[in-house]
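In case you want the letters, here they are:
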Amino acid sequence: MTPALQVEGLGKIYGPGGAADVAGTGPDHGRVVSPSSGGVVAAWDVSFSVGAGEALGIIGESGSGKSTVLRCICGDETPTAGSIRLACVDGGGRDLTELGASARRALRIDRLAVVYQDPAEGLDLRLSAGGNVAERLTAAGWRNFGGIRSRAAELMRRTDVPLDRMDDPVKEFSGGMRQRVQLAKALANNPPVVLLDEPTTGLDASVAAAVLDLIRDLLDELGVAAVVVSHDFSVIELLTQRALVMQHGRVVEAGLTDQLLEDPQHPYSQRLVGAARG
Amino acid sequence: MAERSEPVLQVRDLHKSFVLHAIGGRRIEALRGIDLELYPGEHVALVGSSGAGKSTLLKSIYRTYLPDRGEVWLRPDGRDPVDLLSLDERSLAARRVREIGYVSQFLRSEPRRGVLDSVTRAGRRRGLTPDDAAEAARRMLQRLGIGEALWGTFPTLLSGGEKQRVNLAAGIICPPPVLLLDEPISALDPANRDAVLELIAELTDGGTSVLAVFHDLAAIERLADRVIRLDGGRVASVGRPTDILTELTASIGAHR
(Lines give C-alpha, C1' and ligand atoms only; values in the text may rest on other atoms or scores of the structure.)
Protein backbone atom coordinates (compact mmCIF):
# COMPACT_ATOMS: atom_id res chain seq x y z
CA MET A 1 0.00 0.00 0.00
CA THR A 2 1.24 3.47 -0.83
CA PRO A 3 2.07 5.39 2.35
CA ALA A 4 0.16 8.64 2.88
CA LEU A 5 3.43 10.57 2.54
CA GLN A 6 6.69 9.37 1.05
CA VAL A 7 9.85 11.46 0.95
CA GLU A 8 12.95 10.21 -0.81
CA GLY A 9 16.43 11.69 -0.99
CA LEU A 10 15.17 15.14 -0.12
CA GLY A 11 17.77 17.92 -0.12
CA LYS A 12 17.83 21.72 0.08
CA ILE A 13 20.90 23.79 -0.67
CA TYR A 14 21.03 27.59 -0.51
CA GLY A 15 23.79 28.79 -2.78
CA PRO A 16 25.28 28.55 -6.22
CA GLY A 17 26.99 25.16 -6.31
CA GLY A 18 24.07 22.71 -6.24
CA ALA A 19 24.79 19.12 -5.31
CA ALA A 20 28.54 19.75 -5.51
CA ASP A 21 28.22 21.77 -2.29
CA VAL A 22 27.42 18.65 -0.29
CA ALA A 23 31.08 17.60 -0.08
CA GLY A 24 32.65 18.65 3.20
CA THR A 25 29.34 19.21 5.02
CA GLY A 26 27.25 17.15 7.44
CA PRO A 27 27.79 15.62 10.89
CA ASP A 28 31.18 14.13 10.00
CA HIS A 29 32.46 17.60 9.18
CA GLY A 30 30.47 19.46 11.82
CA ARG A 31 29.20 22.08 9.37
CA VAL A 32 26.42 22.85 6.89
CA VAL A 33 28.36 25.48 4.93
CA SER A 34 30.22 24.16 1.91
CA PRO A 35 33.96 24.83 2.35
CA SER A 36 34.39 25.32 -1.42
CA SER A 37 31.48 27.57 -2.40
CA GLY A 38 29.97 28.85 0.84
CA GLY A 39 26.60 27.30 -0.12
CA VAL A 40 24.43 26.18 2.79
CA VAL A 41 23.42 22.52 2.76
CA ALA A 42 20.35 22.90 4.99
CA ALA A 43 19.12 19.34 4.44
CA TRP A 44 20.41 16.41 2.43
CA ASP A 45 19.49 12.82 1.70
CA VAL A 46 16.38 12.79 3.91
CA SER A 47 14.05 9.83 3.32
CA PHE A 48 11.04 8.58 5.25
CA SER A 49 7.43 7.58 4.86
CA VAL A 50 4.38 8.05 7.06
CA GLY A 51 1.21 5.99 6.95
CA ALA A 52 -2.36 6.98 7.77
CA GLY A 53 -2.94 7.13 11.53
CA GLU A 54 0.77 7.39 12.18
CA ALA A 55 2.87 10.28 13.50
CA LEU A 56 6.57 10.62 12.71
CA GLY A 57 8.79 12.95 14.73
CA ILE A 58 11.81 14.90 13.50
CA ILE A 59 14.03 16.05 16.32
CA GLY A 60 17.23 18.08 16.38
CA GLU A 61 18.70 21.38 17.53
CA SER A 62 17.97 24.62 15.72
CA GLY A 63 19.84 24.63 12.43
CA SER A 64 19.71 20.86 12.07
CA GLY A 65 17.46 21.14 9.00
CA LYS A 66 14.25 19.75 10.45
CA SER A 67 12.06 22.74 9.59
CA THR A 68 13.66 22.97 6.14
CA VAL A 69 12.46 19.43 5.47
CA LEU A 70 8.93 20.39 6.49
CA ARG A 71 8.98 23.53 4.34
CA CYS A 72 10.15 21.55 1.33
CA ILE A 73 7.30 19.08 1.78
CA CYS A 74 4.59 21.72 2.08
CA GLY A 75 5.96 23.77 -0.79
CA ASP A 76 7.18 26.84 1.11
CA GLU A 77 10.63 25.96 -0.21
CA THR A 78 11.68 24.28 -3.45
CA PRO A 79 13.92 21.31 -2.75
CA THR A 80 17.24 20.99 -4.57
CA ALA A 81 16.94 17.21 -4.77
CA GLY A 82 14.61 14.34 -4.01
CA SER A 83 10.98 13.45 -4.44
CA ILE A 84 7.79 13.90 -2.39
CA ARG A 85 4.72 11.75 -2.97
CA LEU A 86 1.26 11.70 -1.44
CA ALA A 87 -1.06 8.70 -1.69
CA CYS A 88 -3.91 11.17 -2.33
CA VAL A 89 -2.20 12.65 -5.41
CA ASP A 90 -2.34 10.22 -8.35
CA GLY A 91 -2.06 7.33 -5.90
CA GLY A 92 1.51 8.34 -5.13
CA GLY A 93 2.48 8.26 -8.78
CA ARG A 94 3.20 11.98 -8.94
CA ASP A 95 6.34 13.65 -7.57
CA LEU A 96 5.10 16.92 -6.04
CA THR A 97 8.37 18.68 -6.82
CA GLU A 98 7.42 18.47 -10.50
CA LEU A 99 4.16 20.36 -9.97
CA GLY A 100 3.82 24.07 -10.73
CA ALA A 101 3.44 26.63 -7.96
CA SER A 102 -0.34 26.95 -8.25
CA ALA A 103 -0.88 23.18 -8.25
CA ARG A 104 1.36 23.00 -5.18
CA ARG A 105 -0.68 25.70 -3.44
CA ALA A 106 -3.92 23.92 -4.25
CA LEU A 107 -2.75 20.87 -2.30
CA ARG A 108 -2.68 23.02 0.82
CA ILE A 109 -6.45 23.46 0.70
CA ASP A 110 -7.47 19.91 1.48
CA ARG A 111 -4.61 17.45 1.21
CA LEU A 112 -1.53 18.75 2.98
CA ALA A 113 -2.03 21.06 5.97
CA VAL A 114 0.68 22.85 7.96
CA VAL A 115 0.62 24.16 11.51
CA TYR A 116 3.42 26.64 12.03
CA GLN A 117 5.16 27.63 15.24
CA ASP A 118 4.11 31.23 14.56
CA PRO A 119 0.33 31.46 14.08
CA ALA A 120 0.87 34.59 11.96
CA GLU A 121 2.26 32.31 9.23
CA GLY A 122 -0.80 30.12 9.10
CA LEU A 123 -3.49 32.71 9.83
CA ASP A 124 -4.58 36.15 8.72
CA LEU A 125 -4.49 37.89 12.10
CA ARG A 126 -6.77 40.70 10.91
CA LEU A 127 -9.58 38.28 10.18
CA SER A 128 -11.83 36.69 12.77
CA ALA A 129 -11.29 33.12 13.91
CA GLY A 130 -14.36 32.06 11.95
CA GLY A 131 -13.18 34.07 8.96
CA ASN A 132 -9.86 32.27 8.88
CA VAL A 133 -11.60 28.91 8.83
CA ALA A 134 -14.16 30.13 6.27
CA GLU A 135 -11.31 31.20 3.97
CA ARG A 136 -10.02 27.63 3.90
CA LEU A 137 -13.53 26.22 3.40
CA THR A 138 -14.42 28.56 0.53
CA ALA A 139 -11.10 27.68 -1.12
CA ALA A 140 -12.37 24.10 -1.14
CA GLY A 141 -15.59 25.13 -2.81
CA TRP A 142 -17.93 25.69 0.15
CA ARG A 143 -20.46 28.32 -0.87
CA ASN A 144 -23.37 28.00 1.54
CA PHE A 145 -23.08 30.60 4.31
CA GLY A 146 -24.99 28.55 6.88
CA GLY A 147 -22.96 25.46 6.09
CA ILE A 148 -19.68 27.34 6.46
CA ARG A 149 -20.80 28.87 9.75
CA SER A 150 -21.78 25.56 11.24
CA ARG A 151 -18.62 23.77 10.04
CA ALA A 152 -16.51 26.62 11.50
CA ALA A 153 -18.39 26.38 14.80
CA GLU A 154 -17.86 22.63 14.87
CA LEU A 155 -14.12 23.12 14.36
CA MET A 156 -13.99 25.78 17.10
CA ARG A 157 -15.70 23.38 19.47
CA ARG A 158 -13.31 20.62 18.53
CA THR A 159 -10.26 22.80 19.16
CA ASP A 160 -11.67 24.37 22.35
CA VAL A 161 -12.02 27.92 21.00
CA PRO A 162 -14.92 29.59 22.84
CA LEU A 163 -17.76 30.03 20.36
CA ASP A 164 -18.50 33.55 21.58
CA ARG A 165 -15.07 34.59 20.31
CA MET A 166 -15.52 33.16 16.84
CA ASP A 167 -16.17 36.61 15.37
CA ASP A 168 -13.30 38.40 17.13
CA PRO A 169 -10.16 39.18 15.12
CA VAL A 170 -7.41 36.66 15.80
CA LYS A 171 -4.95 39.45 16.64
CA GLU A 172 -6.90 39.95 19.88
CA PHE A 173 -6.31 36.31 20.86
CA SER A 174 -3.64 34.91 23.20
CA GLY A 175 -0.84 32.77 21.77
CA GLY A 176 -2.42 29.50 22.85
CA MET A 177 -5.81 30.47 21.42
CA ARG A 178 -4.22 31.54 18.12
CA GLN A 179 -2.60 28.13 17.91
CA ARG A 180 -6.00 26.47 18.41
CA VAL A 181 -7.48 28.56 15.59
CA GLN A 182 -4.55 27.58 13.39
CA LEU A 183 -5.32 23.92 14.12
CA ALA A 184 -9.00 24.46 13.33
CA LYS A 185 -8.10 26.06 10.01
CA ALA A 186 -5.54 23.37 9.13
CA LEU A 187 -8.06 20.62 9.76
CA ALA A 188 -11.01 22.40 8.12
CA ASN A 189 -11.14 20.20 5.00
CA ASN A 190 -9.99 16.94 6.61
CA PRO A 191 -6.52 16.78 5.02
CA PRO A 192 -4.99 13.27 5.11
CA VAL A 193 -1.51 14.66 5.83
CA VAL A 194 -0.71 17.24 8.54
CA LEU A 195 2.70 18.81 9.15
CA LEU A 196 3.35 20.42 12.54
CA ASP A 197 6.39 22.68 12.96
CA GLU A 198 7.21 23.27 16.65
CA PRO A 199 3.48 23.64 17.37
CA THR A 200 3.88 24.43 21.09
CA THR A 201 7.26 26.17 21.16
CA GLY A 202 7.06 29.66 22.61
CA LEU A 203 3.85 29.09 24.56
CA ASP A 204 3.72 29.22 28.38
CA ALA A 205 4.22 25.77 29.87
CA SER A 206 0.60 25.22 30.93
CA VAL A 207 -0.78 26.59 27.65
CA ALA A 208 1.70 24.48 25.68
CA ALA A 209 0.59 21.38 27.60
CA ALA A 210 -3.08 22.03 26.78
CA VAL A 211 -2.35 22.62 23.08
CA LEU A 212 -0.20 19.48 23.04
CA ASP A 213 -3.04 17.45 24.56
CA LEU A 214 -5.41 18.80 21.94
CA ILE A 215 -3.03 17.80 19.15
CA ARG A 216 -2.64 14.35 20.68
CA ASP A 217 -6.42 13.86 20.83
CA LEU A 218 -6.84 15.11 17.26
CA LEU A 219 -4.15 12.76 15.93
CA ASP A 220 -5.76 9.89 17.88
CA GLU A 221 -9.18 10.55 16.45
CA LEU A 222 -8.63 11.74 12.90
CA GLY A 223 -6.34 9.00 11.60
CA VAL A 224 -4.23 11.50 9.66
CA ALA A 225 -0.59 10.96 8.73
CA ALA A 226 1.40 13.52 10.73
CA VAL A 227 4.95 14.81 10.77
CA VAL A 228 5.90 16.62 13.97
CA VAL A 229 9.05 18.73 14.04
CA SER A 230 10.34 19.70 17.46
CA HIS A 231 13.50 20.26 19.42
CA ASP A 232 11.62 19.06 22.52
CA PHE A 233 11.80 15.34 23.30
CA SER A 234 8.69 15.45 25.49
CA VAL A 235 6.64 16.65 22.49
CA ILE A 236 8.04 13.92 20.26
CA GLU A 237 7.52 11.30 22.96
CA LEU A 238 3.89 12.27 23.51
CA LEU A 239 2.85 12.54 19.86
CA THR A 240 4.88 10.10 17.78
CA GLN A 241 5.61 6.39 17.42
CA ARG A 242 8.67 6.76 15.17
CA ALA A 243 11.22 9.52 14.84
CA LEU A 244 14.28 10.80 13.00
CA VAL A 245 17.18 12.61 14.63
CA MET A 246 18.75 15.33 12.45
CA GLN A 247 22.10 17.04 12.84
CA HIS A 248 23.87 19.39 10.40
CA GLY A 249 21.24 18.77 7.73
CA ARG A 250 21.39 14.95 7.80
CA VAL A 251 19.41 12.18 9.42
CA VAL A 252 21.85 10.61 11.89
CA GLU A 253 19.44 8.10 13.40
CA ALA A 254 15.93 6.77 12.81
CA GLY A 255 13.92 4.43 14.98
CA LEU A 256 10.98 3.82 17.24
CA THR A 257 10.52 6.82 19.50
CA ASP A 258 10.90 4.84 22.72
CA GLN A 259 14.07 3.24 21.39
CA LEU A 260 15.57 6.60 20.43
CA LEU A 261 14.82 7.86 23.94
CA GLU A 262 15.97 4.83 25.91
CA ASP A 263 18.76 3.45 23.72
CA PRO A 264 20.01 6.17 21.36
CA GLN A 265 22.86 4.89 19.19
CA HIS A 266 24.45 7.91 17.54
CA PRO A 267 26.76 10.08 19.67
CA TYR A 268 24.64 13.14 18.85
CA SER A 269 21.36 11.40 19.80
CA GLN A 270 22.95 10.28 23.06
CA ARG A 271 23.98 13.87 23.78
CA LEU A 272 20.49 15.20 22.95
CA VAL A 273 18.74 12.63 25.14
CA GLY A 274 21.27 13.11 27.91
CA ALA A 275 20.67 16.85 27.89
CA ALA A 276 16.87 16.42 27.89
CA ARG A 277 16.85 13.81 30.64
CA GLY A 278 19.49 15.47 32.84
CA MET B 1 0.81 -25.31 29.93
CA ALA B 2 1.20 -27.00 26.59
CA GLU B 3 4.90 -27.73 26.08
CA ARG B 4 4.12 -29.83 23.01
CA SER B 5 2.90 -26.96 20.85
CA GLU B 6 5.12 -24.46 19.04
CA PRO B 7 6.59 -21.68 21.19
CA VAL B 8 4.78 -18.36 20.87
CA LEU B 9 8.06 -16.55 21.48
CA GLN B 10 11.51 -17.85 20.67
CA VAL B 11 14.71 -15.94 21.36
CA ARG B 12 17.89 -17.01 19.59
CA ASP B 13 21.46 -15.92 20.39
CA LEU B 14 20.41 -12.46 21.50
CA HIS B 15 23.26 -10.02 22.10
CA LYS B 16 22.99 -6.48 23.41
CA SER B 17 25.74 -4.05 24.29
CA PHE B 18 25.65 -0.36 25.10
CA VAL B 19 28.25 2.01 23.66
CA LEU B 20 28.56 5.14 25.75
CA HIS B 21 29.95 7.83 23.48
CA ALA B 22 30.10 10.38 26.29
CA ILE B 23 32.72 8.33 28.10
CA GLY B 24 35.12 7.51 25.31
CA GLY B 25 32.96 4.95 23.53
CA ARG B 26 33.00 2.54 26.48
CA ARG B 27 31.16 -0.69 25.65
CA ILE B 28 29.04 -2.56 28.18
CA GLU B 29 28.08 -6.12 27.27
CA ALA B 30 24.62 -6.63 28.76
CA LEU B 31 23.36 -9.75 26.95
CA ARG B 32 25.86 -12.32 25.68
CA GLY B 33 23.81 -14.79 23.64
CA ILE B 34 20.41 -15.52 25.16
CA ASP B 35 18.23 -18.42 24.01
CA LEU B 36 14.76 -19.05 25.38
CA GLU B 37 11.29 -20.25 24.48
CA LEU B 38 7.90 -19.23 25.77
CA TYR B 39 4.94 -21.53 25.10
CA PRO B 40 1.26 -20.60 24.77
CA GLY B 41 -0.30 -19.96 28.17
CA GLU B 42 3.04 -20.34 29.93
CA HIS B 43 4.42 -18.07 32.64
CA VAL B 44 8.21 -17.89 32.63
CA ALA B 45 9.98 -15.88 35.32
CA LEU B 46 13.42 -14.35 34.87
CA VAL B 47 15.58 -14.22 37.98
CA GLY B 48 19.14 -13.19 38.72
CA SER B 49 21.05 -10.55 40.65
CA SER B 50 20.73 -6.95 39.55
CA GLY B 51 22.80 -6.36 36.45
CA ALA B 52 22.26 -9.93 35.28
CA GLY B 53 20.33 -8.62 32.26
CA LYS B 54 16.68 -9.34 33.15
CA SER B 55 15.18 -5.96 32.22
CA THR B 56 17.60 -5.55 29.34
CA LEU B 57 16.33 -8.85 27.96
CA LEU B 58 12.67 -7.76 28.13
CA LYS B 59 13.45 -4.40 26.54
CA SER B 60 15.59 -6.01 23.83
CA ILE B 61 12.76 -8.40 22.94
CA TYR B 62 10.36 -5.46 22.73
CA ARG B 63 13.02 -3.44 20.85
CA THR B 64 12.97 -0.52 23.21
CA TYR B 65 16.63 -1.48 23.26
CA LEU B 66 18.18 -2.14 19.88
CA PRO B 67 19.90 -5.57 20.04
CA ASP B 68 23.30 -6.06 18.38
CA ARG B 69 22.31 -9.40 16.86
CA GLY B 70 20.13 -12.44 17.35
CA GLU B 71 16.53 -13.33 16.57
CA VAL B 72 13.21 -12.85 18.35
CA TRP B 73 10.54 -15.01 16.71
CA LEU B 74 6.96 -14.17 17.54
CA ARG B 75 4.31 -16.69 16.54
CA PRO B 76 0.98 -15.20 17.52
CA ASP B 77 -2.06 -17.48 17.41
CA GLY B 78 -0.36 -20.19 15.38
CA ARG B 79 0.28 -17.89 12.42
CA ASP B 80 3.58 -17.71 10.56
CA PRO B 81 6.43 -16.71 12.86
CA VAL B 82 8.00 -13.29 12.38
CA ASP B 83 11.41 -12.09 13.58
CA LEU B 84 10.75 -8.86 15.47
CA LEU B 85 14.37 -7.77 15.06
CA SER B 86 14.19 -7.78 11.27
CA LEU B 87 10.83 -5.98 11.01
CA ASP B 88 10.69 -2.41 9.78
CA GLU B 89 9.67 0.05 12.46
CA ARG B 90 6.14 0.65 11.24
CA SER B 91 5.31 -3.07 11.20
CA LEU B 92 6.85 -3.48 14.63
CA ALA B 93 4.79 -0.59 16.00
CA ALA B 94 1.65 -2.31 14.71
CA ARG B 95 2.59 -5.66 16.27
CA ARG B 96 3.27 -3.95 19.58
CA VAL B 97 -0.36 -2.90 19.74
CA ARG B 98 -2.02 -6.26 19.10
CA GLU B 99 0.53 -9.04 19.52
CA ILE B 100 3.14 -8.23 22.16
CA GLY B 101 2.91 -5.92 25.17
CA TYR B 102 5.39 -4.55 27.66
CA VAL B 103 4.47 -3.32 31.13
CA SER B 104 7.17 -1.45 32.98
CA GLN B 105 7.69 -0.95 36.65
CA PHE B 106 7.20 2.75 36.20
CA LEU B 107 4.11 4.52 35.04
CA ARG B 108 4.39 5.15 31.30
CA SER B 109 0.82 6.37 31.12
CA GLU B 110 0.17 9.56 29.32
CA PRO B 111 0.38 12.85 31.17
CA ARG B 112 -2.76 14.91 31.74
CA ARG B 113 -5.19 12.19 30.85
CA GLY B 114 -7.64 10.78 33.37
CA VAL B 115 -7.18 7.31 34.81
CA LEU B 116 -10.29 5.76 33.25
CA ASP B 117 -9.67 7.53 29.95
CA SER B 118 -6.07 6.22 29.81
CA VAL B 119 -7.09 2.63 30.40
CA THR B 120 -10.08 2.88 28.05
CA ARG B 121 -7.89 4.24 25.27
CA ALA B 122 -5.47 1.35 25.77
CA GLY B 123 -8.40 -1.02 25.19
CA ARG B 124 -9.50 0.95 22.12
CA ARG B 125 -6.00 0.68 20.64
CA ARG B 126 -6.21 -3.09 21.04
CA GLY B 127 -9.39 -3.16 18.98
CA LEU B 128 -12.22 -3.02 21.52
CA THR B 129 -15.31 -0.98 20.69
CA PRO B 130 -15.69 2.24 22.72
CA ASP B 131 -18.36 0.67 24.95
CA ASP B 132 -16.47 -2.58 25.47
CA ALA B 133 -13.25 -0.71 26.20
CA ALA B 134 -14.90 1.53 28.79
CA GLU B 135 -16.59 -1.45 30.40
CA ALA B 136 -13.38 -3.51 30.47
CA ALA B 137 -11.46 -0.53 31.88
CA ARG B 138 -13.97 -0.05 34.71
CA ARG B 139 -13.88 -3.74 35.58
CA MET B 140 -10.08 -3.85 35.48
CA LEU B 141 -9.69 -0.78 37.69
CA GLN B 142 -12.21 -2.08 40.19
CA ARG B 143 -10.44 -5.41 40.44
CA LEU B 144 -7.15 -3.64 41.00
CA GLY B 145 -8.63 -1.60 43.83
CA ILE B 146 -8.63 1.75 42.02
CA GLY B 147 -11.94 3.20 43.26
CA GLU B 148 -14.30 5.23 41.14
CA ALA B 149 -13.33 8.40 43.00
CA LEU B 150 -9.94 8.29 41.26
CA TRP B 151 -11.16 7.61 37.74
CA GLY B 152 -11.19 11.23 36.64
CA THR B 153 -7.85 12.03 38.28
CA PHE B 154 -4.63 12.49 36.33
CA PRO B 155 -2.27 9.60 37.05
CA THR B 156 0.49 12.02 38.11
CA LEU B 157 -1.53 12.81 41.25
CA LEU B 158 -1.73 9.18 42.36
CA SER B 159 0.48 7.36 44.85
CA GLY B 160 3.27 5.10 43.58
CA GLY B 161 1.23 1.95 44.15
CA GLU B 162 -1.86 3.39 42.47
CA LYS B 163 0.16 4.52 39.47
CA GLN B 164 1.63 1.07 39.12
CA ARG B 165 -1.81 -0.53 39.12
CA VAL B 166 -3.16 1.95 36.55
CA ASN B 167 -0.13 1.19 34.40
CA LEU B 168 -0.81 -2.52 34.71
CA ALA B 169 -4.51 -2.08 33.93
CA ALA B 170 -3.60 -0.27 30.68
CA GLY B 171 -1.01 -2.96 29.91
CA ILE B 172 -3.23 -6.00 30.38
CA ILE B 173 -6.64 -4.78 29.22
CA CYS B 174 -7.57 -6.96 26.25
CA PRO B 175 -4.17 -8.64 26.59
CA PRO B 176 -2.01 -9.45 23.56
CA PRO B 177 -0.86 -13.09 23.21
CA VAL B 178 2.59 -12.27 24.63
CA LEU B 179 3.13 -10.01 27.64
CA LEU B 180 6.47 -8.84 29.02
CA LEU B 181 6.13 -7.76 32.65
CA ASP B 182 9.01 -5.81 34.20
CA GLU B 183 8.52 -5.81 37.97
CA PRO B 184 4.86 -4.82 37.88
CA ILE B 185 4.33 -5.22 41.64
CA SER B 186 7.41 -3.52 43.08
CA ALA B 187 5.47 -0.69 44.76
CA LEU B 188 2.40 -2.55 46.05
CA ASP B 189 1.24 -3.29 49.58
CA PRO B 190 0.32 -6.93 50.38
CA ALA B 191 -3.44 -6.66 49.75
CA ASN B 192 -3.06 -5.01 46.37
CA ARG B 193 -0.19 -7.29 45.52
CA ASP B 194 -2.50 -10.30 45.93
CA ALA B 195 -5.14 -8.78 43.68
CA VAL B 196 -2.50 -8.16 41.00
CA LEU B 197 -1.03 -11.66 41.25
CA GLU B 198 -4.50 -13.14 40.87
CA LEU B 199 -5.07 -11.11 37.71
CA ILE B 200 -1.72 -12.18 36.27
CA ALA B 201 -2.53 -15.82 37.03
CA GLU B 202 -5.83 -15.43 35.16
CA LEU B 203 -3.98 -14.03 32.13
CA THR B 204 -2.08 -17.26 31.59
CA ASP B 205 -5.21 -19.31 32.33
CA GLY B 206 -6.79 -17.39 29.47
CA GLY B 207 -3.98 -18.37 27.10
CA THR B 208 -1.73 -15.30 27.31
CA SER B 209 1.97 -16.10 27.59
CA VAL B 210 3.93 -14.11 30.15
CA LEU B 211 7.65 -13.47 30.47
CA ALA B 212 8.17 -11.64 33.74
CA VAL B 213 10.71 -10.16 36.11
CA PHE B 214 9.71 -10.17 39.78
CA HIS B 215 11.95 -9.56 42.74
CA ASP B 216 9.39 -11.24 44.96
CA LEU B 217 10.28 -14.94 45.18
CA ALA B 218 6.88 -15.88 46.64
CA ALA B 219 5.21 -14.34 43.58
CA ILE B 220 7.45 -16.40 41.32
CA GLU B 221 6.62 -19.61 43.18
CA ARG B 222 2.95 -18.88 42.86
CA LEU B 223 2.88 -17.82 39.19
CA ALA B 224 5.76 -19.32 37.23
CA ASP B 225 5.66 -22.58 35.28
CA ARG B 226 9.38 -22.30 34.59
CA VAL B 227 12.16 -20.09 35.85
CA ILE B 228 15.18 -18.91 33.89
CA ARG B 229 18.15 -17.70 35.92
CA LEU B 230 20.37 -15.14 34.20
CA ASP B 231 23.92 -14.41 35.20
CA GLY B 232 26.25 -11.96 33.48
CA GLY B 233 24.00 -11.67 30.43
CA ARG B 234 23.77 -15.44 29.88
CA VAL B 235 21.24 -18.11 30.78
CA ALA B 236 22.73 -19.84 33.84
CA SER B 237 19.97 -22.40 34.38
CA VAL B 238 16.37 -23.24 33.51
CA GLY B 239 14.01 -25.32 35.61
CA ARG B 240 11.02 -25.61 37.89
CA PRO B 241 10.47 -22.73 40.30
CA THR B 242 11.39 -24.71 43.45
CA ASP B 243 14.67 -25.97 41.98
CA ILE B 244 15.84 -22.66 40.57
CA LEU B 245 14.82 -20.70 43.64
CA THR B 246 16.76 -23.12 45.86
CA GLU B 247 19.73 -22.72 43.53
CA LEU B 248 19.30 -18.96 43.57
CA THR B 249 19.20 -18.81 47.36
CA ALA B 250 22.29 -21.00 47.52
CA SER B 251 24.16 -18.78 45.05
CA ILE B 252 23.27 -15.66 47.02
CA GLY B 253 24.53 -17.43 50.16
CA ALA B 254 27.73 -18.44 48.39
CA HIS B 255 28.52 -14.83 47.51
CA ARG B 256 28.33 -13.73 51.12
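Description of the structure in this document.

Analysis parameters
- Residues numbered from 1 in each chain as written.
- Chains lettered and ligands numbered in written order.
- Predicted model: local features only at pLDDT ≥ 70, side-chain atom pairs only at ≥ 80, totals over all residues.
- Heavy atoms only, no water.
- Pairing = 2+ DSSP bridges.
- Helix = DSSP H or I, 4+ residues; strand = E, 2+ residues; numbered from the N terminus.
- Axes fitted to C-alpha atoms, helices over the stretch in contact; angles between N-to-C directions.
- Contact = heavy atoms within 4.5 Å.
- Buried < 20%, exposed > 50% of the residue type's maximum accessible area, 1.4 Å probe, protein only.
- Expected span 1.5 Å × (residues − 1).
- Arc of directions from axis to C-beta.
- Salt bridge = Lys/Arg side-chain N within 4 Å of Asp/Glu carboxyl O.

## Focus: the sheet that holds strand E9 (residues 226-231) of chain B
All names here are of chain B.
Consideration 1: The sheet built from 6 strands is open, its strands ordered E6-E7-E8-E3-E9-E10 with mixed pairing. Edge positions in the sheet fall to strand E6 (100-103) and strand E10 (234-239), since each has one partner strand and no second. Averaged over all adjacent pairs, the angle separating strand axes in this sheet is 20 degrees, with direction ignored.
Consideration 2: Pairing geometry for E6 and strand E7 (residues 178-182), over 4 bridges, is parallel. Its bridge partner being in E7, Ile 100 is matched across the sheet by Val 178.
Consideration 3: Against the sheet, helix H1 (residues 54-62) contacts strand E3 (43-47), E6, E7, strand E8 (209-213) and E9, and its axis sits at roughly 145 degrees relative to E7.

## A short note on the pairing of strand E8 (residues 242-247) of chain A
All names here are of chain A.
Consideration 1: Counting buried positions along E8 yields 6 of 6 residues, so the element is predominantly enclosed.
Consideration 2: The side-chain alternation of E8 yields two buried faces, one formed by Arg 242, Leu 244 and Met 246 and the other by Ala 243, Val 245 and Gln 247.
Consideration 3: As paired elements, strand E3 (residues 55-59) and E8 share 4 bridges and run parallel to each other. The residue bridging Gly 57 from the neighbouring strand is Ala 243, located in E8.

## Focus on helix H4 (residues 130-143) of chain B
All names here are of chain B.
Consideration 1: Relative to the 20 Å expected for 14 residues at 1.5 Å per residue, H4 spans 20 Å between its end C-alpha atoms, a close match to the ideal helical length.
Consideration 2: For H4, the complete set of buried residues consists of Ala 133, Ala 134, Ala 136, Ala 137, Met 140 and Leu 141. Taken around the axis of H4, the buried residues stretch over an arc of 165 degrees, which confines them to a single face. For H4, the exposed residues lying more than 90 degrees away from the buried face are Asp 131 and Gln 142.
Consideration 3: The secondary structure elements touched by the buried residues of H4 are helix H3 (115-125), helix H5 (160-172) and helix H6 (190-205).
Consideration 4: Once H4 ends, the next one or two residues include Gly 145, with phi positive near 75 degrees.

## Considerations on the pattern of salt bridges
Consideration 1: If you walk through the whole model with that rule in mind, you get 42 salt bridges over all chains.
Consideration 2: Note that A:Asp76 is salt-bridged to A:Arg108, the shortest N-O span being 3.2 Å. Of this pair, A:Asp76 sits in the loop between helix H1 (66-74) and strand E4 (81-86) while A:Arg108 sits in helix H2 (residues 101-110), placing them 32 residues apart in sequence.
Consideration 3: According to the relative accessible area criterion, A:Arg108 is partly exposed, its value standing at 21%.
Consideration 4: When salt bridges that share partners are traced, they join A:Asp217, A:Asp220, B:Arg113, B:Asp117 and B:Arg121 into one network.

## Regarding helix H6 (residues 175-186) of chain A
Residues and elements named next belong to chain A.
Consideration 1: Spanning 12 residues, H6 covers 16 Å between terminal C-alpha atoms, matching the ideal 16 Å at 1.5 Å per step.
Consideration 2: Within H6, 10 of the 12 residues are buried, leaving the element largely enclosed by the surrounding structure.
Consideration 3: Among the residues of H6, Gly 176, Met 177, Gln 179, Arg 180, Val 181, Gln 182, Leu 183, Ala 184, Lys 185 and Ala 186 are the ones counted as buried.
Consideration 4: Against the buried residues of H6 lie strand E5 (112-115), helix H3 (119-122), helix H4 (129-139), helix H5 (145-158), strand E6 (193-197) and helix H7 (205-222).

## Some remarks on the sheet that holds strand E5 (residues 82-83) of chain B
Residues and elements named next belong to chain B.
Consideration 1: Within the open sheet, the 4 strands sit side by side as E2-E1-E4-E5. Their pairing is antiparallel. The open sheet is flanked by strand E2 (26-38) and E5, the only strands paired with a single partner.
Consideration 2: Taken together, the 2 bridges between strand E4 (residues 69-74) and E5 define a ladder with antiparallel strand orientation. Opposite Leu 74, over in E5, you have Val 82 as the bridge partner.

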